[in-house]
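Architecture at a glance
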Amino acid sequence: MSWGRIKHPSEVSSVGERVTVECLRKADRSIWDMARERFGGADPLLGGWVATQAKLTIRFHPTGGSRRGRTLPLTITMPHCSHPTDQPAREIAHDPESHFWRMVDRVGVEKSRFPKRAALPPPDMSHLAMAVQLDACIHCTLCVRACREVQVNDVIGMAYRGHGAKVVFDFDDPMGDSTCVACGECVQACPTGALMPANLLDAAGRRAVFAERAVDSVCPYCGVGCQVVFHVKDNRIVEVTGRDGPGNRGRLCVKGRFGLDYASHPHRLTAPLIRREDAPKDALADIGNRMGTAIREGRNEEIMYHDGRPGEDGFMDRTLKAWGVDGHNSHTNICSSGARVGYATWSGYDRPSSDFANARFILLLSAHLETGHYFNPHAQRIMEAKQAGAQIATVDPRLSNTASMSDYWLSCWPGTEPAMLLAIAHLLLEWDAVDHEF
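Residues numbered from 1 in each chain as written. Predicted model: local features only at pLDDT ≥ 70, side-chain atom pairs only at ≥ 80, totals over all residues. Heavy atoms only, no water.

**Topic: the overall build of the chain**
Note the threshold: Secondary structure counts use DSSP, requiring at least four H or I residues in a row for a helix and at least two E residues in a row for a strand, with both numbered from the N terminus. A simple rule labels every residue: compare its accessible area, found with a 1.4 Å probe on the protein chains alone, to the largest value its type can have, and call it buried under 20%, exposed over 50%, or partly exposed in between. The contact criterion used is simple: two residues touch if any of their non-hydrogen atoms lie within 4.5 Å. Accessibility throughout is a Shrake-Rupley quantity obtained with a 1.4 Å probe, and a residue counts as covered only by protein chains that appear here.
For the chain, the count of helices and strands is eleven helices and 15 strands. Out of the 438 residues belonging to the chain, those deemed buried represent 38%. Long-range contacts, defined here as pairs at least 24 residues apart, represent 55% of the contacts in the chain between residues at least 6 apart. Total accessible area computed for the chain in this model is approximately 25,500 Å², and 55% of it derives from carbon and sulfur atoms.

Printed below as a string of structure tokens:
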């Protein structure tokens, strides 16, 4: 099979230039599948073609390589709601540096073939963290896919028909009143500025804050270690985007994406302090000296290390044990101590991350996947498992969003979960449904 010369949209010299692709026709493949293969896996609708007005002719050949076939003309043009019909002009665009405008510059598109819509959706500023301005929307549905397929929140969708079609939240509710969990994945996916962080906009809804540099980092909040990119201006974080990492795979929760003010907040402590009037200026050196003295004098039990949520994997436990100190107090032995004892007894380790994505059955106990912060990566993998056919059972007195999407929901009396789990264990032993070797 031989391929004809094909031009990428960036190579098209003029509007209306015809480009020919010759490919082998197969009954089980669409023209887009073959176009993706020809462009090395790139999606022709997402790789810049959506902003071109080049005409594409795809010539099909029957299986076997015969040159006889049929020609299907296909015109790829600007969306009906893009500049200059509906899209705000670049001088007043919500985000003049968006991916959409970069593609317009690259291809040299100046006009649309479609008429202007009679009415445009009004701006929606009901959400504290995100602004919705659908006059810049091109109906690419990337926000829909980000919400449904990436984060599996299922809040964003398309509604109505024809020129009246638009992106909606739940039942066309204001974003701030919807079930949106503010993960911001739609903002990161939007290529036009229709969805943007509210802190970047001025009173007119236009972007007024542009970052000067980007810094790769790790989210400081919980113990997942999501990789992020801090966009910085005047030494202040103005925007956070997800970076591809093993924990988050480019995704973030509301705290990681919109918790910007902690770094430069006037109440932030930049050095250790001792809550005493005659405290020494160098509190860190004073505490270290006192700890060293206590250890040398054999008063190890007087030392306690408290950490709200450890962001490392057993480092401080090993350090304190090396000092002979048994005084580690944190989230580990307060709110999740019961679960951690079970994990340590069962698997020999402290709360490992289960392989949710490949599980066939998942049991959740009062787990609200849509509201937790460090549950976010787990929620993604649990919903991926469900999409692959896994069954989910949720034990929760409340009918949460997680329970509503589960195959089984058991609304037990609060506090009776241990008895229920013991009963399940009893039946498993009675039925000999146990992996004895494990």
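**Here's the deal with the pairing of strand 14 (residues 391–395)**
For clarity, the threshold we go by: For two strands to be treated as a pair, DSSP must find no fewer than two bridges joining them.
Of all five residues in strand 14, four are buried; the element is thus mostly enclosed. Alignment of strand 13 (residues 361–365) against strand 14, held across five bridges, turns out to be parallel. In the sheet register, Leu 365 faces strand 14, and the bridge partner there is Val 395.

**What to know about the sheet that holds strand 15 (residues 408–410)**
Strands pair in a sheet through their backbones, by hydrogen bonds, and they do so in one of two ways: parallel or antiparallel. The condition that has to hold: For helices, the fitted axis covers only the stretch in contact; all axes are lines through C-alpha atoms, and the angles between them, taken along N-to-C directions, range from 0 to 180 degrees.
Spatially, 13-14-15 is the arrangement adopted by the three strands of the open sheet, whose pairing is parallel. Looking at the sheet topology across the chains shown, the edges are occupied by strand 13 and strand 15. Strand-to-strand twist across the sheet, computed as the mean angle between neighbouring axes with direction ignored, equals 15°. Against the sheet, helix 11 (residues 417–430) contacts strand 13, strand 14 and strand 15, and its axis sits at roughly 155° relative to strand 13.

**A look at the layout of surface pockets**
Put simply, the test is: Grid points spaced at 1 Å and placed over the protein atoms alone form the basis of the search, with a cavity being a set where a 1.4 Å probe fits but cannot get out and a pocket an open set showing protein on both sides within 12 Å along at least five of seven lines. Lining residues have an atom within 4 Å of a point. Grid points are joined across faces, edges and corners, and a volume is the space filled by probe spheres set on the points. Residues are sorted three ways: Asp, Glu, Lys and Arg are charged, Ala, Val, Leu, Ile, Met, Phe, Trp, Tyr, Cys and Pro are nonpolar, and all the rest, Gly among them, are polar.
Quantified by volume, the second largest pocket comes out at close to 410 Å³. Lining the second largest pocket are 24 residues, with Asp 95, Val 187, Cys 190, Arg 207 and Glu 239 sitting closest to its centre. Those elements giving two or more residues to the lining of the second largest pocket turn out to be helix 2 (99–107), helix 4 (185–189), strand 7 (195–197), strand 10 (236–242) and helix 5 (254–258). Of the residues belonging to the lining of the second largest pocket, the class tally is eleven nonpolar, seven polar and six charged.

**Concerning the environment of Leu 399**
Mapped onto the elements, Leu 399 comes out in the loop between strand 14 and helix 10 (401–404). Not counting the four nearest positions on each side in its chain, Leu 399 is found in contact with Ser 404 and Trp 409.

**Here's the deal with the pattern of salt bridges**
We count it as follows: A pair is scored as a salt bridge if a Lys or Arg side-chain nitrogen falls within 4 Å of a carboxyl oxygen belonging to Asp or Glu.
What the rule picks out here adds up to 17 salt bridges. Its salt-bridge partner being Asp 278, residue Arg 276 comes within 2.8 Å of it at the nearest N-O pair. Overall, the relative accessible area of 59% leaves Asp 278 in the exposed class. A salt bridge links Arg 398 to Asp 396; the shortest N-O distance between them is 3.6 Å. Given a relative accessible area of 0%, Asp 396 falls into the buried group. Three or more residues are tied together by salt bridges with common partners; here these are Asp 95, Arg 207 and Glu 239.

**Structural notes on the nonpolar core**
Note the threshold: Think of a nonpolar core as a cluster: buried Ala, Val, Leu, Ile, Met, Phe, Trp, Tyr and Cys residues, connected wherever their side-chain atoms sit within 4.5 Å.
The biggest cluster of nonpolar side chains holds 21 residues, and the ones touching the most others in it are Met 130, Cys 143, Ile 156, Phe 169, Cys 186 and Leu 195. If you list the elements that add at least two residues to this core, you get strand 4 (130–132), helix 3 (142–150), strand 6 (166–169) and helix 4. Setting aside anything within four residues of it in sequence, one finds Cys 186 in contact with Met 130, Cys 143, Ala 146, Ile 156, Met 175 and Leu 195. If you look at the next biggest cluster of nonpolar residues, it comprises twelve residues, including Phe 356, Ile 362, Ile 382 and Ile 392.

**Some remarks on the sheet that holds strand 9 (residues 227–233)**
Read from one edge of the open sheet, three strands run 8-9-10, paired in antiparallel fashion. Where the open sheet ends on each side, the last strands, each with one partner, are strand 8 (213–218) and strand 10. Ignoring which end each strand starts from, the neighbouring axes of this sheet average 30° apart. Bridging between strand 8 and strand 9 involves six bridges; their strand directions are antiparallel. Bridge pairing in strand 9 links Ser 217 to Val 228.

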